Amino acid sequence: MALQCGIVGLPNVGKSTLFNCLSNAKAQSANFPFCTIEPNVGVITVPDERLNSLAELVHPKRIVPTTVEIVDIAGLVKGASRGEGLGNRFLANIRETDAILHVLRCFDDDNITHVDGSVDPVRDKEVIDMELQLRDLETIESRIAKVYKQAQTGGDRDARVQYEVLKRYQEALQQGKSARTVELLNKDEERVAHDLFLLTNKPVLYVCNVDDASAATGNAYVEAVRQAVAQENAQILVVAAQTEAEIAELDTYEERQMFLQEIGLEESGVNRLIKAAYSLLNLETFLTAGPDEVRAWTYRKGSKAPQCAGVIHTDFERGFIRAEVIKYDDFIHYGSEAAVKEAGKMHIEGKDYVFQDGDIVVFRFNV
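The rules behind the values
Residues numbered from 1 in each chain as written. Predicted model: local features only at pLDDT ≥ 70, side-chain atom pairs only at ≥ 80, totals over all residues. Heavy atoms only, no water. Helix = DSSP H or I, 4+ residues; strand = E, 2+ residues; numbered from the N terminus. Buried < 20%, exposed > 50% of the residue type's maximum accessible area, 1.4 Å probe, protein only. Contact = heavy atoms within 4.5 Å. Areas by Shrake-Rupley, 256 points an atom, 1.4 Å probe, with all protein chains shown as cover. Pairing = 2+ DSSP bridges. Axes fitted to C-alpha atoms, helices over the stretch in contact; angles between N-to-C directions. Polar contact = N/O pair within 3.5 Å; in protein donor to acceptor, adjacent residues only side chain to side chain. Salt bridge = Lys/Arg side-chain N within 4 Å of Asp/Glu carboxyl O. Core = buried A, V, L, I, M, F, W, Y, C linked by side-chain atoms within 4.5 Å. Phe/Tyr/Trp six-rings, centres within 6.5 Å; stacked < 30°, edge-to-face > 60°. Parallel < 35°, antiparallel > 145°, perpendicular 65-115°, else oblique. Left-handed = near helix turned anticlockwise from the far one by under 90°. Patch = residues over 30% accessible without salt bridge, like charges linked within 9 Å, V, L, I, M, F, W, Y side chains within 5 Å. Lys, Arg positive; Asp, Glu negative; His and termini not counted. Charge placed at Lys NZ, Arg CZ, Asp CG, Glu CD. Expected span 1.5 Å × (residues − 1).

A. View of the overall build of the protein. For the protein, the helix and strand inventory stands at 14 helices and 12 strands. Per-residue burial over the protein gives 49% buried out of 367 residues. Taking the contacts inside the protein whose residues are at least 6 apart along the sequence as the reference set, 70% of them involve residues at least 24 apart. Of the roughly 18,100 Å² that the protein leaves accessible, carbon and sulfur atoms contribute 47%.

Spelled out as structure tokens, the structure:
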């Protein structure tokens, strides 16, 4: 399931530093705009402590975590929607992603030039929002011109639904609001919205890149961002990218944990960001556990048993009979599959069962 989160932001806000921490890829990080011209793609392991806990009980030959793709997209600038600063290419790269990690500079450093001459994360956010909104407005107005006549004739219900959704998006965008702020009323409207592939309708996580001293507590810049996005359907995460880079250089897990404790964090910002990106994509994890491997599998939240079976192999979905499901907490409590069965805690589920995050499963199928 190759779903992607795109890292976006103005030049010199810490995107590439953060990307390097996430993927150990070597995207060029330099103190000038456009040092990352082509998007860099990293396949990121999703941290999941449950895998290690299961492995201690099952003793598998290998542990296989799940992954998510992160794309480092070169810095946008004002005028990108008109092609400024290689804007067309950047916007095309964003369109191909499933969610956006919007990095905002929330630190002062005279040695790192800001493209607009001063630090103001709310202004920076609005610059990129406006460029994405302008591109979406172009898309909306082009679609309106195509469906207007069909909608007015009265006989084409689908065209009327499209037109109503398009007009609501147009109104929001003209007011400087992102498409994600528009409330959809039913499944038909959701289908129309999905087919538009609007940039500002993608789920977004605002990543506030702070200085070392603010890694645990945030700062005034972060609070300003929090207030600015209060009306959006969006999340905020505070990360000190430079601190994360230092953590990544440490050799052992113990050294990294000691460093985190010293700065008042229980978990690294990188781990929190990866988990947040995974959740942003509306993904969850089911698990398989046996002598060969303990493995995490990615599925879309709300998926039913046959769809999840198909994540492992299409034959599993095609010939699905049932799913034998153990809750993670039950497996840990009883210590083995046999003990769970003996306690009557294994559930036999059919085609309508909606998977829950952390389900441990054996699929039965016949092709």
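Resuming the write-up.
B. Region of interest: the sheet that holds strand 2 (residues 40–45). Strand order in this open sheet of 6 strands is 2-4-1-5-6-7, and the pairing throughout is mixed. In the strand order of this sheet, the two ends are held by strand 2 and strand 7 (235–239), each with one partner. Strand-to-strand, the axes of this sheet are offset by a mean angle of 25 degrees, without reference to chain direction. The sheet contact formed by strand 2 and strand 4 (residues 67–72) spans 6 bridges and is antiparallel. Looking at strand 4, one finds that Val-43 is bridged to Glu-69.

C. Representation of the environment of Tyr-353 within the structure. Assignment of secondary structure puts Tyr-353 in the loop between strand 11 (347–349) and strand 12 (360–365). The spatial distance from the C-alpha of Tyr-353 to the C-alpha of Lys-304 is 5.4 Å, given a sequence separation of 49 residues. Those residues in contact with Tyr-353 that sit more than four places away from it in its chain are Ser-303, Lys-304, Ala-305, Val-325, Lys-327 and Asp-359. Within the structure, the side chain of Tyr-353 is placed 2.7 Å from the side chain of Asp-359, a separation counted as a polar contact.

D. Seen up close, the pattern of salt bridges. Here the structure, examined in full by the defined rule, presents 22 salt bridges. Across the pair Arg-295 and Glu-293 runs a salt bridge, and its minimum N-O distance is 3.6 Å. Look at Glu-293 and you get buried, because its relative accessible area is 16%. When salt bridges that share partners are traced, they join Lys-125, Asp-129, Arg-180 and Glu-232 into one network.

E. Region of interest: the nonpolar core. By size, the foremost hydrophobic cluster in this structure holds 56 residues, and its most contacted members are Leu-22, Ile-70, Ile-94, Leu-101, Leu-205, Val-207 and Leu-273. Here this core gets 7 residues from one element, more than from any other, and that element is helix 10 (residues 269–280). Core analysis: the next-biggest nonpolar cluster, separate from the first, contains 19 residues, Ala-151, Tyr-163, Ala-179 and Val-192 among them.

F. Local environment of the packing of aromatic side chains. Considering all chains together, one arrives at 10 aromatic pairs under this definition. An angle of 75 degrees between the planes, with centres 6.1 Å apart, marks the rings of Tyr-299 and Phe-355 as edge-to-face. Remark: Phe-355 occurs in the loop between strand 11 and strand 12 and Tyr-299 occurs in strand 9 (residues 293–300); sequence separation between them is 56 residues. An identical accessibility class is assigned to Tyr-299 and Phe-355; each is buried. Between the aromatic rings of Phe-320 and Phe-363, the centroid separation amounts to 6.4 Å while the plane-to-plane angle is 65 degrees, which identifies the pairing as edge-to-face. Remark: Phe-363 occurs in strand 12 and Phe-320 occurs in strand 10 (residues 320–326); sequence separation between them is 43 residues. Of the residues examined, Phe-363 reaches a relative accessible area of 8% and is grouped as buried.

G. Inspection of the packing of helix 8 (residues 241–249) against helix 9 (residues 253–262) at higher detail. Helix 9 packs onto helix 8 with a crossing angle of 150 degrees between their chain directions and a minimal axis gap of 9 Å. With respect to helix 9, the element helix 8 is oriented roughly antiparallel. Handedness of the helix 8/helix 9 crossing: right-handed. Contacts from Thr-243, Glu-246 and Ile-247 in helix 8 reach Arg-256, Phe-259 and Leu-260 in helix 9.

H. Structural context of a negative patch on the surface. Together, Glu-249, Asp-251, Glu-254 and Glu-255 line one region of the surface with negative charge. The residue Asp-251 is located in the loop between helix 8 and helix 9 in this model.

I. Region of the structure containing the side chain of Asp-72. Tracing the sequence through the fold places Asp-72 in strand 4. For the buried residue Asp-72, which engages in no salt bridge, the nearest side chain bearing the opposite charge is Lys-15, 4.9 Å off.

J. Structural detail: helix 5 (residues 157–174). In this model helix 5 runs 26 Å from its N-terminal to its C-terminal C-alpha over 18 residues, within 8% of the 26 Å that 1.5 Å per residue would give. Taken as a whole, helix 5 has its buried residues at Ala-159, Val-161, Tyr-163, Val-165, Leu-166, Tyr-169, Gln-170, Ala-172 and Leu-173. The secondary structure elements touched by the buried residues of helix 5 are helix 4 (121–153) and helix 6 (187–196). In the stretch just after helix 5, Gly-176 is the one whose phi turns positive, near 80 degrees.

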